[in-house]
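# Examination of the molecular architecture
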Amino acid sequence: MLLEGYTYAHEHTTIDLSSLKKVEDTNLNCFKQTIEEYKELYDKGVRNVIDVTVRGMKRNPEYVKKVAEASGINIVQSTGWYQDKFLPVYIETSTVEELAAMMVKDITVGIDNSEVKASLIGEIGTSKNQMTDRERKVFEASVLAHKETGVPITTHTTLGTFGKEQVEFFKSKDIELNKVVIGHVDLTGDVEYVLSLLREGVYVEFDTIGKENYMPDQTRVEMLKKIIGEGFEDKIFLSMDITRRSHLKANGGLGYAYLLDTFVPLMRKNDISEPIIEKMLSHNPRAFYK
C-alpha cells in the first residue's frame, strides 16, 4: 500500500472542525498551499501521507485525491468517526452492525460514493481519561469492520490519555495488537506509560511534533531515546497532525516540512542514529501498512 520513501503517519490534508470550535482557522481547506507543501515534502523524500480525516470532520475524498495527483504524494484515506463531541446524532440511533457496514462500504466500495477506497480505520477517538458510550459504540463497530476487511486501526487519544484502556479493549475483542497504532502518545510526556503500551504489542505515534505549546520537542526526543534504548524502535511512527490554516508555512506556521527540517536534525543532535530515523520515517509504516 505504501511507496518506498518517508511516511507522515497521521495528517489531515483537509479538515473542518469549525462548526464546534467556532474558529475559522480550524477549517483547513487551503488547496493550493497544501499542494505546494506536499510538493516540498516530495522533494525531501516523502512518498506517503496517512490521512486520518474521518466522518464528522467534513472529509472530502475527491479533494484529497486531487492533492495527491497534483503533488505526487500517495495519500492513504481512512474511515470511521472521531471523538464524542464530533460524533453525529445517528451514532446513537444506529446499531453497531450498521455502523460497521458503513465503514466496510468505505473500504470495499468507496468513501461517500466516490471511487476512493479507505485503507484504514481511524482515527477513532476517546475523550480525556474516558471512553464515552458513543465512543465505545464506534470502537465496537470498528472491531467488526476490521475483522471483516483486515485493514489496520489507528486511534486518537485526547492528550495521550486512555491509551492503556484502548489496548485492553482491543485485547478483549481478540484483535491482533500489531494491527493497531495508538495515537498522540507523545503528549503524555510519560515514557513509562508509552513503554507499557509498546510491551502489549501495539504501534505508537509521536504525531504532534512541532506543537510545543503542548510538549517541547526536546521532551519528545528524550522519550524517543528511552524507547529506542528499550528496543522498540520498530514500533514508532512520526508525524505532525496539522489541522489548522495557521499551521501552514504560507500562513506563518511551521509547515509540514518542519518534521524533516527541524525535528530530524534535533534527533541527530541527540544521538539518534540515521538507521533508526529511517526506521521511524520509512520502514515502520511500511511494515504496518503492508
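Residues numbered from 1 in each chain as written. Predicted model: local features only at pLDDT ≥ 70, side-chain atom pairs only at ≥ 80, totals over all residues. Heavy atoms only, no water.

Next up on the list: the packing of helix 2 (residues 31–43) against helix 3 (residues 61–71). The geometry of a pair of packed helices is captured by two quantities: the angle between their axes and the separation between those axes. One can describe the packing of helix 2 onto helix 3 by two numbers: an axis separation of 9 Å at closest approach and a directional angle of 45°. Considering their axes alone, helix 2 and helix 3 lie oblique with respect to each other. Like other packed secondary-structure pairs, helix 2 and helix 3 cross with a definite hand, here right-handed. On helix 3, the residues that touch Phe31, Thr34, Ile35, Tyr38, Lys39 and Tyr42 of helix 2 are Tyr63, Lys66, Val67, Ala70 and Ser71. Here the residues of the contact of helix 2 with helix 3 sort into 7 nonpolar, 2 polar and 2 charged. (Axes fitted to C-alpha atoms, helices over the stretch in contact; angles between N-to-C directions. Helix = DSSP H or I, 4+ residues; strand = E, 2+ residues; numbered from the N terminus. Parallel < 35°, antiparallel > 145°, perpendicular 65-115°, else oblique. Left-handed = near helix turned anticlockwise from the far one by under 90°. Contact = heavy atoms within 4.5 Å. Nonpolar A, V, L, I, M, F, W, Y, C, P; charged D, E, K, R; others polar.)

A separate point is helix 11 (residues 274–288). The terminal C-alpha atoms of helix 11 lie 20 Å apart, and with 15 residues this matches the ideal 21 Å at 1.5 Å per residue to within 8%. Largest kink in helix 11: about 45°, centred on Met280. Residues of helix 11 that are buried include every one of Ile276, Ile277, Met280, Leu281, Ser282, Asn284, Pro285, Arg286 and Phe288, and no others. (Expected span 1.5 Å × (residues − 1). Bend = angle between axes of the 7 residues up to and from the residue. Buried < 20%, exposed > 50% of the residue type's maximum accessible area, 1.4 Å probe, protein only.)

Relative to the helices and strands, Asn27 is located in strand 3 (residues 27–28). Put simply, Asn27 and Thr108 are 81 residues apart on the chain and 29 Å apart in space, counted from C-alpha to C-alpha. Setting aside its immediate chain neighbours within four residues, Asn27 contacts Ile15, Asp16, Ser18 and Arg245.

Among the nonpolar cores identified, the biggest contains 87 residues, and Phe170, Leu238 and Met267 are the most heavily contacted of them. Broken down by element, the residue count for this core peaks at 7 residues, all from helix 10 (residues 258–269). By size, the runner-up hydrophobic cluster in this structure holds 11 residues, among which are Ile50, Val181, Phe288 and Tyr289. (Core = buried A, V, L, I, M, F, W, Y, C linked by side-chain atoms within 4.5 Å.)

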